[in-house]
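Descriptive structure summary
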Amino acid sequence: MYEYLKSSPLASLLIKAQKSVFSSTVGENSTFLKGSGFDFVELREYSTGDDIKHIDWIISAKKNRPHVKVFHQEKELNISITPLLSASLNFGTHKLKLDTLQETVALLAFSSVKQENAYQSYIYTKEIQIGTKLSKNIFSVRELLEKIHKVPLFGESINYKALPSKFNRVLKQHSLLFFIGDFLNTQDLEIGFLADKHEIIIIIIRDRFEENPTALGEINITDPQSGLSARVNIDKKAALKLKMKLLKDDDILFSKLNKSGVKYLKIYTDEEPLEKLLPFMSSI
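Computed from a prediction, not measured in an experiment: that's the story for all the values here.

1. Focus: the pattern of salt bridges
- All chains considered together, the criterion is met by 19 salt bridges.
- Between Lys147 and Glu143 there is a salt bridge; the shortest N-O distance is 3.7 Å. On the criterion of helical spacing, the pair formed by Lys147 and Glu143 is a turn pair, its members being 4 residues apart in helix H4 (residues 139–150).
- In this structure, Glu190 engages Lys256 in a salt bridge whose closest nitrogen and oxygen atoms are separated by 3.0 Å. With a gap of 66 residues between them, Glu190 in the loop between strand E6 (176–181) and helix H6 (192–197) and Lys256 in helix H8 (residues 236–260) connect regions that are remote in the sequence.
- Judged by relative accessible area, which is 49%, Glu190 ranks as partly exposed.
- One network of salt bridges, in which partners are shared, links Lys16, Lys95, Glu103 and Glu272.

Take a look at the structure:
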């Protein structure tokens, strides 16, 4: 089923992501999805049979009697990983945004598998598609990347307005939701009521040229969504106008996310996704 991966650029991407998460040289720091651990319940006096690893030595010294921390096992996280696929991902000055998105998705999925948390995945454009069903299987990561690879992006755009209501209908349990995309033209995105029911993390994939374009002179441009081509002159004034529009759009987006308590991270195409994800996930 995955024979094409042997000769595909996705093969090296999967190998890189899997090695980053599971490599013994990286260790537990590569696992940034918390869960399947233990939650502190109470502190009580030590009794025969208690695990000495749970002794609180500071409290024991203060009370002159050994005391232990009591824990109960946490429930597994309900993890949902959703790439938002649009034609604008087929752009990049260092590498394509699509490649950075796929690597980020793979890292999240592999980390979930390593942590023994089952995850499910969706693919979203204008509608929701099933990526993978709930799974702890490492091969589900390949399945998800294969489905992303097969989505025809040309002419595709994101229906941000419908996103919250569509996922609200699909997700029945409180979940940790990862949405990964370039988040351009998000004026219609109102994610507040979805964030009231779920923990949401948004990962924004961008190319630095998008946020700081330079004058290019007269060039031929094809709109990846409409397919229409035109010869345009991108001078300093036009470049500044593009920059200010995206800056304004992002200010509105970030204001909405902050108001809704949604955490977000931006990864550029010239950065290593793992190096951005590790400190971000450990800080929340």
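2. So, unusual backbone geometry
- The phi torsion at Asn64 lies on the positive side, around 60°, for a residue other than glycine.
- Looking at the element boundaries, Asn64 is found in the loop between helix H2 (57–63) and strand E2 (67–73).
- With a relative accessible area of 70%, Asn64 lands in the exposed category.
- Even without glycine at this site, Phe183 takes up a positive phi of about 50°.

3. Points about helix H1 (residues 9–22)
- The end-to-end C-alpha distance of H1 is 20 Å, a good match for the 20 Å that 14 residues give at a rise of 1.5 Å each.
- Buried within H1 are the following residues: Leu10, Ala11, Leu13, Leu14, Ala17, Ser20 and Val21.

4. Notes on the pairing of strand E4 (residues 119–124)
- Burial within E4 is extensive, with 6 of its 6 residues counted as buried.
- The alternating pattern of E4 places Tyr119, Ser121 and Ile123 and Gln120, Tyr122 and Tyr124 on opposite faces, both of which are buried.
- Relative to E4, strand E3 (residues 79–83) runs parallel, the two sharing 3 bridges. Of the residues in E4, the one forming a bridge with Ile81 is Ser121.
- Taken together, E3, helix H3 (residues 97–114) and E4 constitute a β-α-β crossover, and its handedness is right-handed.
- Inspection of the sheet shows E4 paired to strand E5 (residues 128–135) by 5 bridges, in the antiparallel sense. Among the inter-strand pairings, Ile123 is bridged to a residue of E5, identified as Gln129.
- Remark: 3 residues form the turn of the hairpin made by E4 and E5, two consecutive strands paired antiparallel.

Parameters and conventions
- All residue numbers refer to position in the chain's written sequence, counted from 1.
- At least 70 in pLDDT is required for a residue's local features to be given in this predicted model, at least 80 for side-chain atom pairs to be given and counted, and no such filter applies to totals for whole chains, interfaces and linings, which use all residues.
- As a rule here, side-chain values come from all non-hydrogen atoms in the structure, and water together with hydrogens is ignored.
- Criterion for a salt bridge: a side-chain nitrogen of Lys or Arg within 4 Å of a carboxyl oxygen of Asp or Glu.
- Only DSSP runs of H or I reaching four residues or more are called helices, and only runs of E reaching two or more are called strands; each is numbered from the N terminus.
- Type-normalised accessible area, obtained with a 1.4 Å probe on protein chains alone, sets the label of each residue: buried when under 20%, exposed when over 50%, and partly exposed for intermediate values.
- A helix's residues, less one, multiplied by 1.5 Å, set its expected span.
- In this analysis, strands are considered paired if DSSP registers two or more bridges between them.
- Here is how to tell: hold the view so the strands point away, follow the path from the first strand over the helix to the second, and if it runs clockwise the crossover is right-handed.

Any functional reading would require information that these geometric values do not contain.
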